[in-house]
Amino acid sequence: MDKDNHILPKDFPELQNDCFLRAARGEETTCVPVWCMRQAGRYLPEFRESRAGKDFFETCRSPEACCELTLQPLRRFPFDAAIIFSDILVVPQALGMDVQMVPGKGPTFPEPLKEPEDLLRLRTTVDVSAELGYVFKAITLTRHKLEGKVPLIGFTGAPWTLMTYMIEGGGSNTMSKAKRWLYRHPEASHRLLVQLTDVIVEYLLGQVAAGAQALQVFESHAGCLGPAQFNEFALPYLRTIARKVKEKLKEAGLDDVPMIVFAKDGHYALEDLSQSQYEVVGLDWTIDPQAARKRAGGRVSLQGNLDPCALYAPKEKIGEMVKMMLEGFGTQRYIANLGHGLYPDMDPEHVGAFVEAVHSHSRQLCQLK
Ligand code: CP3
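Residues numbered from 1 in each chain as written. Predicted model: local features only at pLDDT ≥ 70, side-chain atom pairs only at ≥ 80, totals over all residues. Heavy atoms only, no water.

S.K.: Looking at this structure, how should I read the layout of surface pockets?
M.R.: To find the voids left in a structure, one rolls a probe of water-molecule size over its atoms. One number sums up the size of the largest pocket: a volume of about 1500 Å³. As for the largest pocket, its lining consists of 48 residues, of which Arg-38, Arg-42, Asp-87, Met-101 and Pro-107 are closest to the centre. When residues of the lining of the largest pocket are traced back to their parent elements, those giving at least two are helix H2 (45-51), strand S2 (100-102) and strand S3 (106-108). Per-element accounting of the lining of the largest pocket gives the leading share, 3 residues, to H2. Of the residues belonging to the lining of the largest pocket, the class tally is 24 nonpolar, 14 polar and 10 charged. (1 Å grid on protein atoms, 1.4 Å probe; cavity = no way out; pocket = protein on both sides within 12 Å on 5 of 7 lines; lining within 4 Å. Points joined across faces, edges and corners; volume = space filled by probe spheres on them. Helix = DSSP H or I, 4+ residues; strand = E, 2+ residues; numbered from the N terminus. Nonpolar A, V, L, I, M, F, W, Y, C, P; charged D, E, K, R; others polar.)

S.K.: Would you take a moment to explain the site of the ligand for this structure?
M.R.: Not every one of the 22 residues close to the ligand is listed here, only the nearest: Arg-38, Arg-51, Asp-87, Ser-220 and His-340. Between the ligand and Arg-38, the relevant distance is 2.7 Å, taken from an oxygen atom to a main-chain nitrogen or oxygen of the residue. Relative to its free-state accessible area of 880 Å², the ligand is covered by the protein chains to the extent of 87%. Assessed atom by atom at 2 Å from the grid points, the ligand resides in the largest pocket. Grouping the amino acids of the shell around the ligand by side-chain chemistry returns 13 nonpolar, 5 polar and 4 charged. (Near = heavy atom within 4 Å. Polar contact = N/O pair within 3.5 Å; in protein donor to acceptor, adjacent residues only side chain to side chain. Areas by Shrake-Rupley, 256 points an atom, 1.4 Å probe, with all protein chains shown as cover. Sits in = over half its atoms within 2 Å of the grid points.)

S.K.: How should the packing of aromatic side chains be read in this particular structure?
M.R.: Remark: the centre distance and the inter-plane angle together describe each pair of aromatic rings, the angle taken between the planes. Evaluation of the coordinates by the stated rule reveals 9 aromatic pairs. For the ring pair Phe-230 and Tyr-268, a centre distance of 5.5 Å and an interplane angle of 85 degrees mean the geometry is edge-to-face. Of this pair, Phe-230 sits in helix H10 (residues 227-233) while Tyr-268 sits in the loop between strand S6 (259-263) and helix H12 (270-273), and the two are 38 residues apart along the sequence. The class for Phe-230 is buried, based on a relative accessible area of 0%. Given a relative accessible area of 26%, Tyr-268 falls into the partly exposed group. Members of the aromatic cluster, connected to one another through ring pairs, are Phe-47, Phe-56, Phe-57 and Phe-85. (Phe/Tyr/Trp six-rings, centres within 6.5 Å; stacked < 30°, edge-to-face > 60°. Buried < 20%, exposed > 50% of the residue type's maximum accessible area, 1.4 Å probe, protein only.)

As C-alpha cells, then:
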C-alpha cells in the first residue's frame, strides 16, 4: 500500500495457470484455454444484484466494484482468464465527451460529434493517468485479488469503433452518420482516429504497468466497413497500436504482453490482421474454423468463435458443437471463446456447460495428439 492506501502494482501473486498466456504466445499447451467475452455481465444474478440501482459509469469508476464484478464469473466457472470489468466508452469520456448508460437503451452521448468543427470540443492533450487512473487501480487491485489463479486481460475499443459511437451518439444499425464522415470528411476522420490512437496507446501501456497480462482490442464495428475502407480507416490504426505498445513496453522495461485483435464481422481482413503484430486474432462465428486456420496461415493464434446463441441449445448439443469447434481449430495456438459477448438472457448453467465441454474435449484431443 502507498500513503494514499492504494494497492501498488508490485509483488503480484505467482501465476498458477498459464494455459491462456501460452496459447496466446503460440507456445505448446496441454489443454485448450477458455474464457467468454462479457463473462462479467447481466446473465449472472449476482452481477445484477451488485449493479442494481447504480449508475453504470459510476460502477466503472469504483476499483472495488470492478474487482468484484471481474471475479464473480470465476467463482462459478473454471475460466482460464479474467477480463477487467470496464467499458470501451471510458476513452471518449477521457477525451472530454459526456457518455451515459441509459437503462433499456444502451450507451448515449447527449452531444455527439456532428461536423468536423466539433473536434475542437475534444481535449487535445489527455492526461491518461488522471482521466483513466481508476481503471489502472481496478486492474492492480484485481490482479492481487485473483491470487494468481488466472491471468488478467485488459482491453480497449479500437479507434474506428470508438469514432462510430462518438458520431452516432449511441448504437446504430447502419453507422451511416459515422460513415458519412469517412466519405465526406476523410481528413477530419483521420485526425480523430490519430487522436484516439494516441490516447489508446497510453491507455494500454498504463494497463500493463498496472498489472494487465494480455490486451484485447475490440473493433466491434468492423462489419459496416468494406475491405477498402477498413484498409484506410481501421487497419493502419490497429497496426500502429500494436507496434507502439510493443515499442514502448520495451522502452519502459515492462514485460511484453500478448495482444488480441477482435474485428467483429471483419473476416475479409483476416489475412491482414494475421500480419499486424497481434499475437492472437479473435473471430466471430461467421467463419469456419478450418477455413480461418488456413487463411491465418500459422502466423498467429486464433480465438473464438461459437455463435453466442448456440448457448440457447440444450446442454448436450452445446457439447457437440464445442467438439466440432475444437476439431476445426485444433488444440494448439487456440483459445476457446464465443464469437461475441454473452447476452443478458443466457442461462449461467449453459455457460458452465460450454466451459466444461471445452475442458473435457480438449483433454481428450490433447491425449490423442
Ligand atoms: O466481461 C467483460 O467482457 C468485461 C467487461 C466489458 C463490458 N463492456 C462491460 C459492460 C467489456 C469488455 C465491454 C466492451 C464493450 N462495451 C464493447 C466491445 C465488445 C462488444 O460487445 O462488441 C462495446 C461495443 C461496448 C459498448 C457498450 N457497453 C454496449 C453496446 C453496452 C450494452 C448496452 C445494453 O444496455 O445492452 C454496454 C454496457 C455494458 N458494458 C454492460 C456490461 C456488463 C451492460 C450494462 C450494465 O451492466 O448495466
